[in-house]
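Tertiary structure, described
Each chain is listed here by its residues.
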Amino acid sequence: MDHAAETQRTDLMTITRHVLNGQSQHPEAHSDFTILLSHIVLGCKFICNAVKKAGLAKLIGLVGETNVQGEEQKKLDVLSNEVFVKALISSRLTCILVSEENEEAIIVESLKRGRYCVVFDPLDGSSNIDCGVSVGTIFGIYMVKDKENPTVDDVLQSGKNMLAAGYCMHGSSCTLVLSTGNGVNGFTLDPSIGEFILTHPNIKVPKKGKIYSINEGNAKYWDEPTAKYVEKCKFPEDGSSPKSLRYIGSMVADVHRTLLYGGIFLYPADKKSPKGKLRVLYEVFPMSYLMEQAGGQGITGKQRALELLPKTIHDRSPIFLGSYDDIEEIKALYASAEETKA
């Protein structure tokens, strides 16, 4: 890339312009969807700014409470959640909101109600905030059946019905990755103009990668297919070079690297967490949607992740995300284990 030329560019593709262009190519698309995305982008910008100032503004540390997941809430968790909820309600386009930080789904009052449901984790990886590791916001958007009478059942649908999904990574730069069902694009926040600019058009995950990402501290609790797969990563039977281990412990950062460089991200069910650890609605579904749109796969070990049907808004699941060929390998190990049981 000619960086000198890039600094002189005047024809900038902002995220709003990009979404509007997509809307003009699909007459059936509704302008409400574009407006909703602009409110999500606003929330991401605010959180990005708060993360950068967290140390100075004394936003690091605990509030003294735990969220519905039993995790200690950071001050920044609470602030990020409030900002996102208010940004979405003020759009007047949502009727149900599901947040990691709230025990119950938020039903928007009738006068401010719209046709969309948004599920989100306002600040994924916040336990890493104190040591400067990248954190992020994850979101997914659904359409509801009846905005006049919304119920929690409107949210409890499979990920196949998702209209759009994305995440915003708050790190050395603020990067927003988005899919509206027609590929995956990445945008980087230019702080000088306050706009997300298209920097990663049409992201495609490599068919096979050289990196695996898993918390090896849980190795003693793994099931047999996961243990076998990690062993093959370290000691390939075909004599090829072993895969490199990269694990940050912040899902957004680990998945972002996997999306760009290829490989596999694993968070299996184990003896400690038999149902898995990551939440279906606002972690597993959005990331699986993005990975599939980029040409990769997302599975639970037993099935395609997007085909899950959650029973509660905070259901958990195992998840394997990444390059198509790498996922095929672990899929085969789980299939073999099932055959052995039978």
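Here, the structure is the one placed above.
Each chain has its residues counted from 1, running along the sequence as written. Confidence filtering applies because this is a predicted model: local features only for residues at pLDDT of at least 70, side-chain atom pairs given and counted only at 80 or more, and all residues used for totals across whole chains, interfaces and linings. Only hydrogens and water are set aside when side-chain values are computed; all heavy atoms of the structure are taken into account.

Structural notes on helix α7 (residues 280-293)
Quick reminder of the rule: Exposure classes here rest on a 1.4 Å probe applied to the protein chains alone. A residue is buried below 20% of its type maximum, exposed above 50%, and partly exposed in between. By definition, any uninterrupted DSSP run of H or I lasting at least four residues is a helix, any uninterrupted run of E lasting at least two residues is a strand, and each is numbered from the N terminus.
Burial of α7 is extensive: 12 of the 14 residues sit out of reach of the surface. Listed in full, the buried residues belonging to α7 are Val280, Leu281, Tyr282, Glu283, Val284, Phe285, Pro286, Met287, Ser288, Tyr289, Leu290 and Met291. After α7 finishes, the residue Gly295 shows a positive phi value of roughly 95°.

Brief notes about the nonpolar core
Put simply, the rule is: Take the buried residues of types Ala, Val, Leu, Ile, Met, Phe, Trp, Tyr and Cys, join any two whose side-chain atoms come within 4.5 Å, and each joined set is a nonpolar core. Start and end points for every domain follow an automatic or database-based domain assignment. Contacts between residues were defined by any pair of non-hydrogen atoms, one from each residue, lying within 4.5 Å.
In terms of nonpolar packing, the biggest core is built from 43 residues, with Leu281, Phe285 and Met287 touching the most fellow members. Put simply, the parts of the chain that give this core at least two residues each are β3 (94-99), β5 (113-124), β6 (135-143), β7 (164-170), α6 (251-261), β13 (264-267), α7 and β17 (319-322). A domain split of this core shows at least three residues from each of domain 1 (15-202) and domain 2 (211-340). Beyond its immediate stretch of four places on either side in the chain, Met287 contacts Ile138, Tyr167, Met251, Val252, Val255 and Leu321. In this structure, Leu76, Ile129, Val135 and Leu178 belong to the second largest nonpolar core, which totals 35 residues.

Observations concerning the packing of helix α3 (residues 31-53) against helix α4 (residues 75-90)
Quick reminder of the rule: Simply put, an axis is a line fit to the C-alpha atoms, just over the touching stretch for a helix, and the angle between two N-to-C directions goes from 0 to 180 degrees. Convention used here: angles under 35 degrees read as roughly parallel, angles over 145 as roughly antiparallel, angles from 65 to 115 as roughly perpendicular, and any remaining angle as oblique. Crossing chirality is assigned from the near helix's rotation relative to the far helix, an anticlockwise turn below a right angle marking it left-handed and a clockwise turn marking it right-handed.
At a minimum axis distance of 9 Å, the contact between α3 and α4 shows a crossing angle of 160°. Here α3 is positioned roughly antiparallel relative to α4, judged by the angle of their axes. Handedness of the crossing formed by α3 with α4: right-handed. Every residue of α4 that contacts α3 at Leu36, His39, Ile40, Gly43, Cys44, Phe46, Ile47, Ala50 and Val51 is listed here: Leu76, Leu79, Ser80, Val83, Phe84, Ala87, Leu88 and Ser90.

Structural notes on the side chain of Thr188
This is how it is decided: Polar contacts, as counted here, are pairs of nitrogen or oxygen atoms within 3.5 Å of one another; within protein the pair requires one atom able to donate a hydrogen and one able to accept it, and residues that are adjacent in sequence qualify only if both atoms are side-chain atoms.
Along the chain, Thr188 falls in strand β9 (residues 185-190). Take Thr188: its relative accessible area is 18%, and that puts it in the buried class. Among the polar contacts listed, one links the side chain of Thr188 to the side chain of Thr199, at a separation of 2.8 Å. Among all residues touching Thr188, those that are not within four sequence positions of it are Ser173, Cys174, Thr175, Glu195, Phe196, Ile197, Thr199 and His200.

With respect to the sheet that holds strand β4 (residues 106-107)
As a reminder of what qualifies: When DSSP finds at least two bridges between two strands, those strands are taken to pair.
Within the open sheet, the 8 strands sit side by side as β4-β3-β5-β6-β7-β8-β9-β10. Their pairing is mixed. Whereas interior strands pair on both sides, the edge strands pair on one side only; in this sheet they are β4 and β10 (195-200). Sitting on the sheet, α6 is in contact with β5, β6, β7, β8 (174-179) and β10, with an inclination near 110° to β7.

Some remarks on the side chain of Ser288
Tracing the backbone shows Ser288 in helix α7. The class of Ser288 is buried, set by a relative accessible area of 0%.

A short note on the packing of aromatic side chains
Cut-off, in case you're wondering: Aromatic rings from Phe, Tyr and Trp, with only the six-membered ring used for Trp, were paired whenever their centres fell within 6.5 Å, and each pair was classed as stacked if the ring planes differed by under 30 degrees, edge-to-face if by over 60, and tilted otherwise.
In this structure the tally under the stated criterion is 3 aromatic pairs. Between Phe84 and Phe120, the aromatic rings sit 5.0 Å apart at their centres with planes inclined by 45°, giving tilted as the arrangement. Placement of Phe84 in helix α4 and of Phe120 in strand β5 is noted, with a sequence separation of 36 residues between them. You'll find Phe84 and Phe120 in the same group, each marked buried.

Examining the pattern of salt bridges
Going by this rule: Put simply, a salt bridge is a Lys or Arg side-chain nitrogen that is within 4 Å of an Asp or Glu carboxyl oxygen.
With the rule as written, the count across this model stands at 12 salt bridges. The residue Arg279 makes a salt bridge to Glu100 at a minimum N-O spacing of 2.8 Å. Of this pair, Arg279 sits in strand β14 (residues 278-279) while Glu100 sits in the loop between β3 and β4; the two residues are 179 residues apart in sequence, bridging distant segments of the chain. Like Arg279, the residue Glu100 is buried in the burial classification. In this structure, Lys234 engages Glu216 in a salt bridge whose closest nitrogen and oxygen atoms are separated by 3.1 Å. Of this pair, Lys234 sits in helix α5 (residues 224-234) while Glu216 sits in the loop between β11 (211-213) and α5, and the two are 18 residues apart along the sequence. Judged by relative accessible area, Glu216 falls into the partly exposed class, the value being 25%. Because the salt bridges share partners, they merge into one network encompassing Lys208, Lys243, Asp326 and Glu329.

Here we look at unusual backbone geometry
Negative phi is the rule for most residues except glycine; trans is the rule for most peptide bonds. Even without a glycine there, the phi angle at Arg92 is positive, about 60°. Tracing the backbone through its elements, the reader meets Arg92 in the loop between α4 and β3. On the basis of relative accessibility, which here comes to 46%, the residue Arg92 falls in the partly exposed class. In this structure, Asn202 takes a positive phi of about 50° despite not being glycine. Looking at where Asn202 falls in the secondary structure, it is placed in the loop between β10 and β11.

Remarks on the sheet that holds strand β12 (residues 244-245)
Spatial ordering of the open sheet is given by β12-β11-β13-β17-β15, a layout of 5 strands whose pairing is mixed. Edge positions in the sheet fall to β12 and β15 (297-299), since each has one partner strand and no second. Direction of pairing for β11 relative to β12: parallel, over a ladder of 2 bridges. Looking across to β12, one finds that Ile211 is bridged to Ser244. Across the face of the sheet, α5 comes into contact with β11, β13 and β17 while running at roughly 145° to β11. Across the face of the sheet, α7 comes into contact with β15 and β17 while running at roughly 30° to β17.

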